[in-house]
Amino acid sequence: MSSSISMRTAVRRAAAVTAGALALTVGLALPALAHVSIQPGSAEKGGFSKVAFRVPNERDDASTTKLEVRFPTDHPLPFVSVRPLPGWKAEVTRGKLPTPVKSKYGEITEAVTKITWTGGKVEPGQFQEFEVSLGGLPEDTDQLFFPTTQTYSGGEVVKWADEPKADGSEAEHPVPTLKLVDPAPGGGEHGAAASPSAAASTAPAVSVQAKNASGDEEAGSDGTARLLAGIGIVAGVVGVAVGVAGLRRGRGVSGG
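Small disclaimer: the values here were computed from a predicted structure and weren't measured.

A. Quick peek at the packing of aromatic side chains. Inspection of the entire model under this criterion finds six aromatic pairs. Their ring planes at 90° and their centres at 5.2 Å tell us that Phe 71 and Phe 146 sit as a pair that is edge-to-face. Highlighted residues: Phe 71 in the loop between strand S4 (64–70) and strand S5 (79–82) and Phe 146 in the loop between strand S9 (143–145) and strand S10 (148–152), separated in sequence by 75 residues. Grouping residues by exposure puts Phe 71 and Phe 146 together as buried. Summarising the aromatic geometry, the rings of Trp 117 and Phe 130 are spaced 5.1 Å apart at their centres and angled 55° between planes, so their arrangement reads as tilted. You can see Trp 117 sitting in strand S7 (residues 106–122) and its partner Phe 130 sitting in strand S8 (residues 127–135), a full 13 residues away along the chain. On the basis of relative accessible area, Trp 117 is assigned to the buried category, the value being 2%. Its relative accessible area of 1% is what places Phe 130 among the buried residues. A connected cluster of aromatic rings, assembled from ring pairs, spans Phe 48, Phe 79 and Tyr 105.

B. Broad picture of the sheet that holds strand S11 (residues 157–160). Across the sheet, five strands lie side by side as S6-S7-S4-S10-S11; this open sheet has antiparallel pairing. One side of each edge strand has no neighbouring strand; the edge strands of this open sheet are strand S6 (89–103) and S11. Going from strand to strand, the sheet's axes swing by 15° on average, the running direction of each strand aside. Two strands pair when backbone bridges link them, and S4 and S7 are joined in this way by six bridges, in the antiparallel orientation. Opposite Val 69, over in S7, you have Ile 115 as the bridge partner.

C. Spatial organisation of the pattern of salt bridges. Applying the stated criterion to the full structure yields eleven salt bridges. Across the pair Lys 45 and Asp 182 runs a salt bridge whose closest N-O atoms are separated by 3.6 Å. Pair noted here: Lys 45 is in the loop between strand S2 (42–44) and strand S3 (49–56) and Asp 182 is in the loop between strand S12 (177–181) and helix H2 (196–199), with a separation of 137 residues, a long-range link. Arg 59 is the salt-bridge partner of Glu 58, the closest N and O atoms lying 3.9 Å from each other. A residue is classified by how much of its surface remains accessible, and Glu 58, at 25% relative accessible area, is partly exposed. A network of salt bridges, in which partner residues are shared, links Lys 45, Asp 142 and Asp 182.

D. Geometry of the sheet that holds S12. With mixed pairing, three strands are arranged side by side in an open sheet as S2-S12-S9. In this open sheet, the two edge strands, each paired with only one partner strand, are S2 and S9. The mean angle between the axes of side-by-side strands here comes to 25°, regardless of whether they run parallel or antiparallel. Both S2 and S12 contribute to a ladder of three bridges, which runs parallel. By the bridge assignment for S12, Ala 43 is matched with Leu 180.

E. A look at the nonpolar core. Phe 71, Trp 117, Leu 134, Phe 146 and Leu 178 are the most contacted members of the largest nonpolar core, which has 29 residues in total. Contributing elements (two or more residues each) for this core: S3, S4, S7, S8, S11 and S12. Ranked by the residues each element gives to this core, the list is headed by S7, at four residues. Filtering out sequence-adjacent residues up to four positions away, Phe 146 remains in contact with Ile 38, Phe 53, Val 69, Arg 70, Phe 71, Pro 72, Leu 77, Leu 134, Trp 160, Val 175, Pro 176 and Leu 178.

F. Inspection of unusual backbone geometry at higher detail. Cis geometry marks the peptide bond from Gln 39 to Pro 40, where omega comes out at -10°. Residue position: Pro 40 is located in the loop between strand S1 (37–39) and S2. With an omega of -25°, the peptide bond between Gly 135 and Gly 136 qualifies as cis. Note that Gly 136 resides in the loop between S8 and S9.

G. Layout of the environment of Glu 58. When you line up the elements, Glu 58 lands in the loop between S3 and S4. Each C-alpha atom of the pair Glu 58 and Gly 125 lies 7.6 Å from the other, and the pair is 67 residues apart in sequence.

H. Spatial organisation of the side chain of Thr 141. Following the sequence through the fold, Thr 141 ends up in the loop between S8 and S9. What makes Thr 141 buried here is its relative accessible area of 14%. Of the polar contacts made by the side chain of Thr 141, one reaches the backbone oxygen of Gln 143; its length is 3.2 Å. With residues near it in sequence (within four places) discarded, Thr 141 still touches Lys 45, His 75 and Leu 180.

Basis of the calculations
- Residues numbered from 1 in each chain as written.
- Predicted model: local features only at pLDDT ≥ 70, side-chain atom pairs only at ≥ 80, totals over all residues.
- Heavy atoms only, no water.
- Phe/Tyr/Trp six-rings, centres within 6.5 Å; stacked < 30°, edge-to-face > 60°.
- Helix = DSSP H or I, 4+ residues; strand = E, 2+ residues; numbered from the N terminus.
- Buried < 20%, exposed > 50% of the residue type's maximum accessible area, 1.4 Å probe, protein only.
- Pairing = 2+ DSSP bridges.
- Axes fitted to C-alpha atoms, helices over the stretch in contact; angles between N-to-C directions.
- Salt bridge = Lys/Arg side-chain N within 4 Å of Asp/Glu carboxyl O.
- Core = buried A, V, L, I, M, F, W, Y, C linked by side-chain atoms within 4.5 Å.
- Contact = heavy atoms within 4.5 Å.
- Polar contact = N/O pair within 3.5 Å; in protein donor to acceptor, adjacent residues only side chain to side chain.

What follows is the structure in structure tokens.
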């Protein structure tokens, strides 16, 4: 009897310790998951990339109502475009650089310095992604920092601007960071990054591709539709023939 009680006591203690450890682990993980971040977190040097600033709402009693993202001026980006987001208004701020920067597209003296989104809400327990197209990404650095300010409906302002610590540990309010990696072997000129005219805005390129795709597919889809229609007609005729044969057999049996 005593051994049975001891066993149950040991099981309860083990369960309590496990639950405590799990709660501690979840408690430590949640703050990390709630940080404003860039998705995906890396892109090829010298290329173009679409990224999203992922913004989770960290408060239970307030909504995120404003997001301000500052762009690097020491490594300016010649081409920046914003994807429209229903319910939100994006204001793109351009300005002269403190010091002109040379790039393969020429000398850059002015660039996007800030994008501000307002008018929408990220409710408690939700997150939102604010998408931007960036290019041409610099080739002389391994990372870009985008200091971000998150404003809540109650007036609270949180600045995500702490750069990585020297010891490798995570900062309290880490700055959204885009890591830049070397192009994959045989990657060529990174597709649209081959020329600034082709990538000045990703929207026209997508529009042209969509039109070309539509034109190319129109004839193919017409032929496919005719083929499917023909198959449908044949299947219909066969079905009717089978039905008539079955009806005749049925009558023959009932007549016999």
